[in-house]
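Single-letter residue listing:
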Amino acid sequence: MTTAEQFLGSPRLARAQATPPRAATAPSGLWATGLLAAAAWVALGLLTLLWPNKEVGFSDWAFTREFGVATLVVAALLLAISVLGARAGRVAQVLRPAGQWLVALAVVLALWETFTAKLGVLPSPFFAPPQSLIDVVHEDWQRLGLSTAYSLRLLANGFVLGALIGFGTGVAVGWSRIAGYWVHPLLRFLGPVPASALLPLAFFFAPSSYSAAVFLVGLATFFPVAVLTWSGVASVGKSYYDVARTLGASERFLVLRVAIPAALPQVFVGLFMGLGASFSVLITAEMMGVKAGLGWYLQWAQGWAAYANMYAALFVMAVLCSGLITLLFKVRDRVLSWQKGTVKW
């Protein structure tokens with residue numbers, strides 16, 4: 001190993017430059033916002049249980065009682081956590097920052113319940129109350145779960161493929177003048193074209209609708225990852241390369257241990273952008289040609305006027321996308337732990 005590899009590749013230097021994290025302080029005392037949230041959830045439960053539903057074309061909304069009891073259970077848990085304070089441990093540390101959101105969620109659910117099940121202001125079946133989501137999970141959980149699994153498989157295949165090719169292309173364009181000469185114009189010309197605009201061509205040339213959908217999801221991921229990786233590699237300061245060459249670094253070492261690590265923050269920006277774009281293309285592709293997945297389920301629910309199922313699918317989409325973004329943040333924090341204190345987002 002050369003002197004440059006020992007110096008620039010040493011994890012001790014990165015750990016020495018990293019700012020030590022502050023010790024997490026345990027919450028103490030009575031949690032006032034938690035008490036307010038508990039009161040809001042109690043009000044929601046009483047509203048659900050004591051105010052009769054307005055009958056519109058059918059007997060009643062199913063699972064109204066179960067929904068009301070569930071809200072009271074949530075209220076009891078929030079009350080216990082608020083009173084226990086520091087004795088609630090890690091649960092209190094996680095929930096305290098979200099205290100105001102817990103209050104807002106109860107208020108939104110109460111308004112939703114009032115304008116749908118109680119007053120019928122929002123016409124049925126186009127608008128369903130919150131307990132209808134419980135009904136969908138109870139009656140159609142197998143189809144909804146299978147559709148979620150199909151969407152995850154399609155998204156994983158397309159996103160990973162597009163991210164790998166985009167990363168390799170970005171490194172090549174940012175490092176090599178020859179690759180930049182030939183690939184850069186193609187990125188500028190074809191990159192801004194929305195992947196969903198290529199749906200007809202993809203489904204015509206691809207051997208199957210699934211492979212066409214994988215191609216479109218990968219294409220939506222490829223462009224932001226390639227452009228931001230290229231920008232990150234190209235923006236590495238020349239002084240880093242000069243120091244490494246002075247210490248005897250090889251060309252391969254410059255790419256793998258200098259250019260790519262320095263570009264990783266922008267690479268993750270591209271991954272976040274690619275994840276959002278790929279999820280949008282995923283739903284569109286499933287609605288157009290794929291015979292399974294959340295996009296297909298959404299179209300199926302609309303066709304049968306099963307609007308409660310449609311809202312359940314939209315809720316699952318939101319949770320799935322938010323969960324994947326949170327997971328990507330965890331990966332980013334783990335991979336860039338040696339840059340702690342310099343990454344501000």
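Residues numbered from 1 in each chain as written. Predicted model: local features only at pLDDT ≥ 70, side-chain atom pairs only at ≥ 80, totals over all residues. Heavy atoms only, no water.

With that settled, the discussion passes to the overall build of the chain. Regarding its fold elements, the chain presents 14 helices and 0 strands. From first element to last, N terminus to C terminus, the chain shows the α and β order α-α-α-α-α-α-α-α-α-α-α-α-α-α. Considering the chain as a whole, with its 345 residues, one finds that 39% of them fall into the buried category. In the chain, the share of contacts with a sequence separation of at least 24, taken over all contacts with a separation of at least 6, comes to 75%. Of the roughly 19,600 Å² that the chain leaves accessible, carbon and sulfur atoms contribute 69%. (Helix = DSSP H or I, 4+ residues; strand = E, 2+ residues; numbered from the N terminus. Buried < 20%, exposed > 50% of the residue type's maximum accessible area, 1.4 Å probe, protein only. Contact = heavy atoms within 4.5 Å. Areas by Shrake-Rupley, 256 points an atom, 1.4 Å probe, with all protein chains shown as cover.)

Glancing now at a nonpolar patch on the surface. Where nonpolar side chains cluster on the molecular surface, the patch consists of W51, V107, L111, F115, L119, V121, L122, F126 and F127 and spans about 760 Å² of accessible area. Tracing the chain through its elements places F127 in the loop between α6 (99-118) and α7 (131-175). (Patch = residues over 30% accessible without salt bridge, like charges linked within 9 Å, V, L, I, M, F, W, Y side chains within 5 Å. Salt bridge = Lys/Arg side-chain N within 4 Å of Asp/Glu carboxyl O.)

So, about helix α12 (residues 251-288). Given a rise of 1.5 Å per residue, 38 residues ought to cover 56 Å, yet the end C-alpha atoms of α12 are separated by just 47 Å, more than 12% below that figure. Approximately 55° is the largest bend angle found in α12, and it occurs at L264, with the proline P265 only one to four residues beyond. (Expected span 1.5 Å × (residues − 1). Bend = angle between axes of the 7 residues up to and from the residue.)

Moving on: the nonpolar core. Core analysis: the largest hydrophobic core is formed by 62 residues, its most contacted members being V258, L271, F279, L282 and L294. Elements with a minimum of two residues in this core: α7, α9 (199-205), α10 (209-234), α11 (238-246), α12, α13 (294-303) and α14 (307-335). Ranked by residue count, the leading element in this core is α12, at 18 residues. With near-sequence residues (within four places) excluded, F279 lies in contact with L155, M317, L320 and C321. (Core = buried A, V, L, I, M, F, W, Y, C linked by side-chain atoms within 4.5 Å.)

A word on the packing of aromatic side chains. Across all of its chains, the model carries 7 aromatic pairs by this definition. Their ring planes at 55° and their centres at 5.1 Å tell us that F126 and Y307 sit as a pair that is tilted. Placement of F126 in the loop between α6 and α7 and of Y307 in helix α14 is noted, with a sequence separation of 181 residues between them. Classification of F126 by relative accessible area gives partly exposed; the value is 41%. The interplanar angle of 90° and the centroid separation of 5.1 Å between the aromatic rings of Y181 and W182 together place this pair among those described as edge-to-face. You can call Y181 exposed: its relative accessible area is 60%. Through pairs of rings, three or more aromatic residues link up here, namely W296, Y297 and W300. Here R143 stacks its cationic end above the ring of W300, 4.2 Å away from the centre of that ring. (Phe/Tyr/Trp six-rings, centres within 6.5 Å; stacked < 30°, edge-to-face > 60°. Lys NZ or Arg CZ within 6 Å of the ring centre and 35° of its normal.)

It is possible for side chains of opposite charge to pair when their charged atoms get near one another. Summed over the entire model, instances satisfying the criterion amount to 3 salt bridges. Two residues, E113 and K118, come together in a salt bridge whose shortest N-O distance is 3.7 Å. Assigned by exposure class, E113 and K118 land together as buried.

For Q302, the location among the structural elements is in helix α13. A relative accessible area of 39% means that Q302 is categorised as partly exposed. Contact partners of Q302, with chain neighbours within four places excluded, come to M287 and M310.

Turning our eyes to something else, we now look at the packing of α7 against α12. Interaxial distance between α7 and α12 falls to 7 Å at its minimum, and their mutual angle equals 145°. As α7 runs across α12, the sense of the crossing is right-handed. Grouping the amino acids of the contact of α7 with α12 by side-chain chemistry returns 17 nonpolar, 3 polar and 2 charged. (Axes fitted to C-alpha atoms, helices over the stretch in contact; angles between N-to-C directions. Left-handed = near helix turned anticlockwise from the far one by under 90°. Nonpolar A, V, L, I, M, F, W, Y, C, P; charged D, E, K, R; others polar.)

All right, on to the environment of W31 then. Take W31: it is sitting in the loop between α2 (11-17) and α3 (32-50). By relative accessible area, which is 5% here, W31 ends up buried. Considering only alpha carbons, one finds W31 and L79, 48 residues apart in sequence, at a separation of 9.0 Å. In this structure W31 touches I81, S82, L95, R96, G99 and L102, once residues within four positions along its chain are discounted.

A word on the side chain of T148. Examined against the element boundaries, T148 turns out to sit in helix α7. Within the local environment of T148, its side chain forms a polar contact with the backbone oxygen of L144, the two atoms lying 2.9 Å apart. Residues in contact with T148, not counting those within four places in the same chain, are L294 and V316. (Polar contact = N/O pair within 3.5 Å; in protein donor to acceptor, adjacent residues only side chain to side chain.)

So far we have only geometry, and geometry alone does not tell us how the molecule works.
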